[in-house]
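Listed here are the chains, written in short residue letters.
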Amino acid sequence: MEHTSHEIPLLQGDAGFAQEVTEGPGGDTLPLCYQCGTCTGCCPVGAVDDAFSPALIIQWIRLGLRERVLGSPKIWLCLQCHRCSFSCPQGVRFADINGTLRHMAVREGFVDAATAEKLAAVEKDLAALRCAVLERAMGKDPNTTPSTDELVREALRDLHG
């Protein structure tokens, strides 16, 4: 596997960024993180996107990489399922911290409010679709194996006619 490195401007970090994050919901748990990676290992987004890592986002916060964090689409990929928080041996509440990051990204102009609202609506629709697909899958004869595409199409028809 080829290793790629990314230059991180450590001396240009915003020393107050982590402090600002700790003032939001769940932020008091940020200093407890010791980068064990449990959050990333149990994350359903991390399972399908190798580049998504709650532990890495926390590391960027601590390094003061405000623009990298708040300008990253990665903070919008979090499902807010709280698996990371429930699994963390230190009780770090990443999902809450990520909510703070989203709020900061909008407040500081990295993402406009209309886009944030649209993303929230998409998340809500995807959650409903996920439930409908799983309900359809559970209701199928166990001896048949419908494709995910078929289940999604059927669920979309149920949701939107």
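Keep in mind it's a predicted model, so treat the numbers as computed, not measured.

J.: How should I be thinking about the overall build of the protein in this particular structure?
T.: Tallying secondary structure elements over the protein gives nine helices and zero strands in all. Across the protein, helices and strands are ordered from the amino to the carboxyl terminus as α-α-α-α-α-α-α-α-α. Of all 161 residues assigned to the protein, the portion counted as buried reaches 33%. The long-range fraction of contacts in the protein, counting pairs at least 24 apart against all pairs at least 6 apart in sequence, stands at 65%. Accessible surface computed for the protein: about 10,100 Å², of which carbon and sulfur atoms make up 56%. Taking the 15 positively charged and 21 negatively charged side chains of the protein as two groups, their mean positions are separated by 3 Å.

J.: Can you walk me through unusual backbone geometry in this structure?
T.: Note: most residues except glycine have negative phi, and most peptide bonds are trans. You will see that Gln35, though not glycine, has its phi angle at about 60°, which is positive. Among the secondary structure elements, Gln35 is positioned in the loop between helix H1 (17-22) and helix H2 (38-42). Positive phi, normally seen in glycine, also occurs at Gln80, with a value near 60°.

J.: Can you help me understand the pattern of salt bridges in this one?
T.: A side chain with one charge can pair with a side chain of the opposite charge if their charged atoms come near. A complete count under the given rule lists ten salt bridges for this structure. Arg66 is the partner of Glu108 in a salt bridge, and the nearest nitrogen-oxygen pair spans 2.8 Å. Residue Glu108 is found in the loop between helix H7 (94-107) and helix H8 (113-139), and its partner Arg66 is found in helix H5 (residues 66-70); the two are separated by 42 residues along the sequence. In this structure Glu108 comes out as partly exposed when scored by relative accessible area, which is 31%. On the basis of relative accessible area, Arg66 is assigned to the buried category, the value being 9%. Taken together, the shared-partner salt bridges connect Asp14, Glu20, Arg66, Arg107 and Glu108 into one network.

J.: Teacher, can you tell me more about the environment of Cys43 here?
T.: When you line up the elements, Cys43 lands in the loop between H2 and helix H3 (44-48). When the C-alpha positions of Cys43 and Arg83 are compared, they lie 6.5 Å apart, and in sequence the two are 40 residues distant.

J.: Looking at this structure, I do not really get the packing of H8 against helix H9 (residues 148-160). What am I missing?
T.: As a packed pair, H8 and H9 sit with axes 9 Å apart at the nearest point and diverge in direction by 115°. When you trace H8 past H9, the crossing you get is right-handed. Between H8, through Ala128, Leu129, Ala132, Val133, Arg136 and Ala137, and H9, the contact on the second element is made entirely by Leu151, Val152, Glu154, Ala155, Leu156, Asp158 and Leu159. Of the residues that constitute the contact of H8 with H9, the class distribution is ten nonpolar, no polar and three charged.

J.: What exactly am I supposed to notice about the nonpolar core here?
T.: General note: in soluble globular proteins, nonpolar side chains tend to be found buried as a group. If you look at the biggest cluster of nonpolar residues, it comprises 30 residues, and the most contacted ones within it are Phe17, Val21, Ile57, Ile61, Val69 and Leu101. Secondary structure elements with two or more residues in this core: H1, helix H4 (54-62), H5 and H7. Dropping the residues within four chain positions of it, Phe17 is found in contact with Ile61, Gly64, Leu65, Arg66, Val69, Leu70, Leu101 and Met104. Within the second largest apolar cluster, five residues are counted, among which are Leu129, Ala132, Val133 and Ala155.

J.: Just checking my understanding: could you explain the packing of aromatic side chains for this structure?
T.: Using the criterion set out here, one finds zero aromatic pairs in the structure. Over the aromatic face of Trp60 sits the side chain of Arg68, whose NZ or CZ is 5.3 Å from the ring centroid.

So, how was this worked out
- Residues numbered from 1 in each chain as written.
- Predicted model: local features only at pLDDT ≥ 70, side-chain atom pairs only at ≥ 80, totals over all residues.
- Heavy atoms only, no water.
- Helix = DSSP H or I, 4+ residues; strand = E, 2+ residues; numbered from the N terminus.
- Buried < 20%, exposed > 50% of the residue type's maximum accessible area, 1.4 Å probe, protein only.
- Contact = heavy atoms within 4.5 Å.
- Areas by Shrake-Rupley, 256 points an atom, 1.4 Å probe, with all protein chains shown as cover.
- Lys, Arg positive; Asp, Glu negative; His and termini not counted.
- Charge placed at Lys NZ, Arg CZ, Asp CG, Glu CD.
- Salt bridge = Lys/Arg side-chain N within 4 Å of Asp/Glu carboxyl O.
- Axes fitted to C-alpha atoms, helices over the stretch in contact; angles between N-to-C directions.
- Left-handed = near helix turned anticlockwise from the far one by under 90°.
- Nonpolar A, V, L, I, M, F, W, Y, C, P; charged D, E, K, R; others polar.
- Core = buried A, V, L, I, M, F, W, Y, C linked by side-chain atoms within 4.5 Å.
- Phe/Tyr/Trp six-rings, centres within 6.5 Å; stacked < 30°, edge-to-face > 60°.
- Lys NZ or Arg CZ within 6 Å of the ring centre and 35° of its normal.

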